[in-house]
Amino acid sequence: MNIIDRYIIKKYLTTFLFTVGIFVVVIVVFDVSEKLDDFLKNKASMSEVFFQYYAMGSVPFFLNMLTPLINFIAVIFFTSKMADQTEIVPILSGGMSFNRFLRPFMISACIVFAFTLVSNLYILPYTNKLKVKFENIYVHPHKVNSSKQSTHMQIDSNTYVYIDNFDTKRAVGYNFVMEKFDENELTEKLMADRVTWDSVSSKWRIENYTNRIIKGLDEEMLKGESRDTTLDMKPQDFEAYENIFTAMDTRELEERIRKEEIRGTGMMNDLLLEKYKRWINPFSAFILTLMGVSLSSKKVRGGIGLSLGIGIGLSFAYLVFNQFSTMFALKGGLPPLLAVLIPNVTFLILGLVLLVKAPK
């Protein structure tokens, strides 16, 4: 690594951090102005708003979402400045190839990639839990549905559950039905007025139940007031508020996907989108860095402003493309993996085209 490499890496990372700082200020100012009435109405304290919600929740969430935009703008800005000050021409004229010139940019992008990936897998699920919890209490508590109606669920290969009404706050379900099958034959049907989750024993208490056991042509009917049983479901499986999957850590997300494969409650696309985004989206650091350097390494008559304007436009196009592909996956039947890959592959191809046309 020579002095030019160290110079570019320093410029890249300092400009990136400076841009992050600007975005943090803008995000907090606009978000506070939008939600101030909710904070006052629901009596959120100043420390909860700025430390729990913004510092530990909202700011990490928005920075993660806008990292491609921030990264692209940072690369465009300082590369255009280098080109405008005629710093790139002597570097390339001195015998350094454009591909070699890209090396320090890719090293810096690797640092951004690693940080984003670690944040996606280990940090953001925790900060998103704080964000979602705060919003459900102080921002839009009326949107939190504490009661889930008419839930059908398959908890293993032979067992099906139906709950007419489940109160997620009290962890109580009403009009509970459980059916067990041996291949296509019903072997047991349990009906109860109420089921309650016992967090101490991690078991379900079934109250006022009737259990019908079928053995060929023989049937047995059992009744009782209460009994405890173990079922492969928890109260969290009935929660239905916004951004619930973003608040799950990797282990919880994988476990939920495994259960969803059996249960088929209609949440599989949401779960897979969240999983694939955590792993694939950090690669945008390399893609947008390649585009940014290729686009802004040539000195143009419009100066920095022209390159910066094009960069901002392409950044927003990338974000909009991501949102469109996500909506097609959720509503239009597009496979989640393709929905995450299409924007990144499309902009990778665009980056390679710009690389071919870049000054040599």
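Looking at an unreviewed UniProt entry, one finds the chain named YjgP/YjgQ family permease and attributed to Sphingobacterium pedocola. Looking at the chain in UniProt, the text filed under Subcellular location (unreviewed entry) is "Cell membrane".

(A) Spotlight on the overall build of the chain. Helix and strand counts for the chain come out as nine helices and six strands. Rg of the C-alpha trace for the chain: 27 Å, well past the compact-globule value of 21 Å for 360 residues, more than 25% over. Each principal axis of the C-alpha atoms in the chain carries an extent, and together these give about 90 × 50 × 35 Å. In the chain, of all internal contacts separated by at least 6 residues, the share reaching a separation of at least 24 is 62%. In the form shown here, the chain has an accessible surface area of approximately 19300 Å², with 61% of it arising from carbon and sulfur atoms. Here the chain holds 40 positive side-chain charges and 37 negative ones, and the gap between their average locations is 12 Å.

(B) Highlighting empty space enclosed by the protein. Inspection of the entire model under this criterion finds two cavities of 30 Å³ or more. Quantified by volume, the second largest cavity comes out at close to 30 Å³. Taken together, L121, T250, L253, E254, K275, R278 and W279 form the lining of the second largest cavity. Listing elements by their share of the lining of the second largest cavity, those giving two or more residues are α5 (250–263) and α6 (268–280). Within the lining of the second largest cavity, the residues separate by chemical class into three nonpolar, one polar and three charged.

(C) Layout of the UniProt feature "transmembrane region" (unreviewed entry) in the chain. UniProt tags residues 12–33, 53–80, 101–124, 279–296, 303–321 and 333–356 as "transmembrane region" (unreviewed entry). Secondary structure across residues 12–33 divides into 100% helix and 0% strand, with the first and last C-alpha atoms of the span separated by 32 Å. The annotated region residues 333–356 carries 88% helix and 0% strand content, and the separation between its end C-alpha atoms amounts to 35 Å.

(D) Summary view of a nonpolar patch on the surface. Nonpolar side chains collect at one region of the surface, where F18, I22, V25, V26, V29 and F30 lie side by side and expose about 600 Å² of accessible area between them. Among the secondary structure elements, V29 is positioned in helix α1 (residues 3–41).

(E) Representation of the pattern of salt bridges in the model. In this structure the tally under the stated criterion is 13 salt bridges. Between D31 and K35 there is a salt bridge, and its shortest N-O distance comes to 3.4 Å. Remark: K35 and D31 occur in helix α1; sequence separation between them is four residues, near one turn of the helix. K35 matches D31 in its accessibility class, with the two residues each being buried. Close ionic contact of K131 with E135 constitutes a salt bridge, the shortest N to O distance being 3.1 Å.

(F) Main features of the packing of aromatic side chains. Inspection of the entire model under this criterion finds 20 aromatic pairs. Taking 5.3 Å as the distance between ring centres and 65° as the angle between the ring planes, the aromatic pair formed by F101 and F105 counts as edge-to-face. On the criterion of helical spacing, the pair formed by F101 and F105 is a turn pair, its members being four residues apart in helix α4 (residues 98–139). Given the relative accessible area of 0%, F105 is considered buried. Members of the aromatic cluster, joined through ring pairs, are F39, F50, Y53, Y54, F134 and Y138. Its guanidinium or amino end placed over the ring of Y209, R227 lies 5.3 Å from that ring's centre, counting from NZ or CZ.

(G) Spatial organisation of α5. End to end, α5 covers 20 Å across 14 residues, agreeing with the expected 20 Å (1.5 Å per residue, within 8%). When we look at burial in α5, the residues that qualify are L253, R256, I257, K259, E260 and R263. Its side-chain oxygen 3.2 Å from the backbone nitrogen of R251, D249 forms the N-cap of α5. Remark: G264 follows α5 within two positions and exhibits a positive phi of approximately 60°.

(H) Highlighting the packing of α6 against helix α9 (residues 336–357). Running from N to C, α6 and α9 cross one another at 35°; their axes reach a closest spacing of 8 Å. Pair α6 / α9 crosses with right-handed handedness. Between α6 and α9, the contacting residues are N269, L272, L273, Y276, K277 and I280 on the first element and P336, L337, A339, V340, L341 and N344 on the second.

(I) Structural context of the pairing of strand β4 (residues 185–198). Two elements, strand β3 (residues 172–182) and β4, share ten bridges in a ladder whose sense is antiparallel. Residue pairing across strands places K180 opposite E188, the latter belonging to β4. One ladder, built from ten bridges, connects β4 with strand β5 (residues 203–215); its direction is antiparallel. Counted as the bridge partner of W197 is W204 from β5.

Rules behind the numbers
- Residues numbered from 1 in each chain as written.
- Predicted model: local features only at pLDDT ≥ 70, side-chain atom pairs only at ≥ 80, totals over all residues.
- Heavy atoms only, no water.
- UniProt positions renumbered as here; feature names shortened; annotations may be inferred.
- Helix = DSSP H or I, 4+ residues; strand = E, 2+ residues; numbered from the N terminus.
- Rg over C-alpha atoms; globule rule 2.2 N^0.38 Å.
- Contact = heavy atoms within 4.5 Å.
- Areas by Shrake-Rupley, 256 points an atom, 1.4 Å probe, with all protein chains shown as cover.
- Lys, Arg positive; Asp, Glu negative; His and termini not counted.
- Charge placed at Lys NZ, Arg CZ, Asp CG, Glu CD.
- 1 Å grid on protein atoms, 1.4 Å probe; cavity = no way out; pocket = protein on both sides within 12 Å on 5 of 7 lines; lining within 4 Å.
- Points joined across faces, edges and corners; volume = space filled by probe spheres on them.
- Nonpolar A, V, L, I, M, F, W, Y, C, P; charged D, E, K, R; others polar.
- Patch = residues over 30% accessible without salt bridge, like charges linked within 9 Å, V, L, I, M, F, W, Y side chains within 5 Å.
- Salt bridge = Lys/Arg side-chain N within 4 Å of Asp/Glu carboxyl O.
- Buried < 20%, exposed > 50% of the residue type's maximum accessible area, 1.4 Å probe, protein only.
- Phe/Tyr/Trp six-rings, centres within 6.5 Å; stacked < 30°, edge-to-face > 60°.
- Lys NZ or Arg CZ within 6 Å of the ring centre and 35° of its normal.
- Expected span 1.5 Å × (residues − 1).
- Polar contact = N/O pair within 3.5 Å; in protein donor to acceptor, adjacent residues only side chain to side chain.
- Axes fitted to C-alpha atoms, helices over the stretch in contact; angles between N-to-C directions.
- Left-handed = near helix turned anticlockwise from the far one by under 90°.
- Pairing = 2+ DSSP bridges.

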